[in-house]
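Here's the letter readout for the chains.
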Amino acid sequence: NAGVMQNPRHLVRRRGQEARLRCSPMKGHSHVYWYRQLPEEGLKFMVYLQKENIIDESGMPKERFSAEFPKEGPSILRIQQVVRGDSAAYFCASSPTHWGAVHYYGYTFGSGTRLTVV
Amino acid sequence: AQKITQTQPGMFVQEKEAVTLDCTYDTSDPSYGLFWYKQPSSGEMIFLIYQGSYDQQNATEGRYSLNFQKARKSANLVISASQLGDSAMYFCAPPPGTASKLTFGTGTRLQVTL
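Residues numbered from 1 in each chain as written. Chains lettered and ligands numbered in written order. Predicted model: local features only at pLDDT ≥ 70, side-chain atom pairs only at ≥ 80, totals over all residues. Heavy atoms only, no water.

**Some remarks on the overall build of chain B**
Now for step 1: Along its length, chain B carries zero helices and eleven strands.
Now for step 2: Secondary structure of chain B in N-to-C order comes out as β-β-β-β-β-β-β-β-β-β-β.
Now for step 3: Compactness check: chain B gives a C-alpha radius of gyration of 14 Å against a globular reference of 13 Å for 114 residues, within 12% of the reference.
Now for step 4: The dimensions of chain B, computed from C-alpha atoms along their principal axes, are 40 × 30 × 20 Å.
Now for step 5: Counting over 114 residues, chain B shows a buried share of 47%.
Now for step 6: A fraction of 53% describes how many contacts in chain B between residues 6 or more apart in sequence connect residues 24 or more apart.
Now for step 7: Of the roughly 5500 Å² of accessible surface on chain B, a fraction of 50% belongs to carbon and sulfur atoms.
Now for step 8: For chain B, the centre of its 9 positive side-chain charges and the centre of its 9 negative side-chain charges are spaced 5 Å apart. (Helix = DSSP H or I, 4+ residues; strand = E, 2+ residues; numbered from the N terminus. Rg over C-alpha atoms; globule rule 2.2 N^0.38 Å. Buried < 20%, exposed > 50% of the residue type's maximum accessible area, 1.4 Å probe, protein only. Contact = heavy atoms within 4.5 Å. Areas by Shrake-Rupley, 256 points an atom, 1.4 Å probe, with all protein chains shown as cover. Lys, Arg positive; Asp, Glu negative; His and termini not counted. Charge placed at Lys NZ, Arg CZ, Asp CG, Glu CD.)

Structure (structure tokens):
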């Protein structure tokens, strides 16, 4: 029973390039959450998606960032025209329902993608 | 809006000793509780334990337990018999409720020494 899978684990991009981060939730989980962690800081919420729907994107920067969770395939966090300030660890978490069993098992996080912009 | 506070940026504990990591929160939600996560140097976020406000007893999971004080709105994490592998960042977060998102505290860096 694989956990939340994120790839790549490390990603290096030059300024101005695009970064695509992938997240495959745990089997049976239909809710995906993206968080960003800047160095020496806690995780900050970015976006919450269900299949084919963005439920809450209140933490997403207004420009250059987008997220999707298609009917088939992983969730994608896309950062266009990356800048040095985008360098961070990006975590994906999944849960089986909006609330449900989460309080027993917690949200399951992936290992993160460490984006470095040079 | 919920406010979560971890007042200890760093803590040291000797191996085999117990340590308490503080977490308090400010919320008007009657169904409050707290998650605790561990983030080792490798970076992954590991769910440790959860305490719900309606739980009759303090939550316990192996060497982890919560000292839940409703009146103070705190759920401090107690790690007994510390091990070197417990060295990590520890984050607490209240349940998301209708907001869906977890709001983490600033974390406590625990260092276990010989």
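**Regarding the sheet that holds strand β3 (residues 19-24) of chain A**
Residues and elements named next belong to chain A.
Now for step 1: Taken together, four strands build an open sheet; the order of strands is β1-β3-β8-β7 and the sheet is antiparallel. The sheet is open, and its two edges are formed by β1 (5-7) and β7 (65-68), each paired on a single side. Here the average twist between neighbouring strands, direction ignored, is 15 degrees. (Pairing = 2+ DSSP bridges. Axes fitted to C-alpha atoms, helices over the stretch in contact; angles between N-to-C directions.)

**Focus on the pattern of salt bridges**
Now for step 1: For the structure on display, the rule yields five salt bridges over all chains.
Now for step 2: A salt bridge links Glu40(A) to Arg109(B), with the shortest nitrogen-to-oxygen separation between them at 3.4 Å. Linking Glu40(A) in the loop between β4 (31-37) and β5 (43-50) with Arg109(B) in strand β11 (residues 108-113), this pair reaches from one chain into another.
Now for step 3: The shortest N-O distance in the salt bridge between Asp86(B) and Arg63(B) comes to 2.8 Å. Taken as a pair, Asp86(B) in the loop between β9 (74-79) and β10 (88-93) and Arg63(B) in the loop between β7 (60-61) and β8 (64-69) lie far apart in primary sequence, 23 residues in all.
Now for step 4: What you see here is one network of salt bridges that share partners, running through Glu18(A), Arg20(A) and Arg78(A). (Salt bridge = Lys/Arg side-chain N within 4 Å of Asp/Glu carboxyl O.)

**Quick look at the pairing of β4(A)**
All names here are of chain A.
Now for step 1: The buried fraction of β4 amounts to six of the seven residues, a majority that puts the element mostly inside the structure.
Now for step 2: Across seven bridges, β4 lies against β5 in antiparallel orientation. Residue Gln37 lies in a different strand from β5, and its bridge partner there is Leu43.
Now for step 3: Counting the residues that bridge the hairpin from β4 to β5 gives five residues, and of these Glu40 lies at a positive phi of roughly 65 degrees.
Now for step 4: Relative to strand β9 (residues 88-95), β4 is paired through seven bridges, and the arrangement is antiparallel. In the sheet register, Tyr33 faces β9, and the bridge partner there is Ala93.

**A short note on the state of the cysteines**
Now for step 1: Under the criterion given, the structure shown has two disulfides over all chains.
Now for step 2: Disulfide pairing places Cys23(A) opposite Cys92(A) at an S-S distance of 1.7 Å. Between Cys23(A) and Cys92(A) the sulfur-sulfur dihedral comes to about -55 degrees; the bridge is accordingly left-handed. With Cys23(A) in strand β3 and Cys92(A) in strand β9, this pair connects stretches of sequence that are 69 residues apart.
Now for step 3: Looking at Cys23(A), the relative accessible area reads 0%, which means it is buried.
Now for step 4: Classification of Cys92(A) as buried rests on a relative accessible area of 0%.
Now for step 5: Shown here is the disulfide that connects Cys23(B) with Cys92(B), its sulfur atoms set 2.0 Å apart. Across the S-S bond linking Cys23(B) and Cys92(B), the dihedral sits near 85 degrees, which makes this disulfide right-handed. Taken together, the positions of Cys23(B) in the loop between β3 (19-21) and β4 (24-26) and Cys92(B) in strand β10 put the pair 69 residues apart, joining distant regions of the chain.
Now for step 6: On the basis of relative accessible area, Cys23(B) is assigned to the buried category, the value being 0%. (Disulfide = S-S within 2.5 Å.)

**A few points about the environment of Lys38(B)**
Residues and elements named next belong to chain B.
Now for step 1: Tracing the chain through its elements places Lys38 in strand β5 (residues 33-39).
Now for step 2: Taking C-alpha positions, Lys38 is 9.7 Å from Arg109, a pair spaced 71 residues apart along the chain.
Now for step 3: Ignoring sequence-local partners within four residues, the contact set of Lys38 consists of Glu44, Met45, Ile46, Leu48, Tyr64, Gly85, Asp86, Ala88, Met89 and Tyr90.
Now for step 4: A distance of 2.8 Å separates the side chain of Lys38 from the backbone oxygen of Gly85, its partner in a polar contact. (Polar contact = N/O pair within 3.5 Å; in protein donor to acceptor, adjacent residues only side chain to side chain.)

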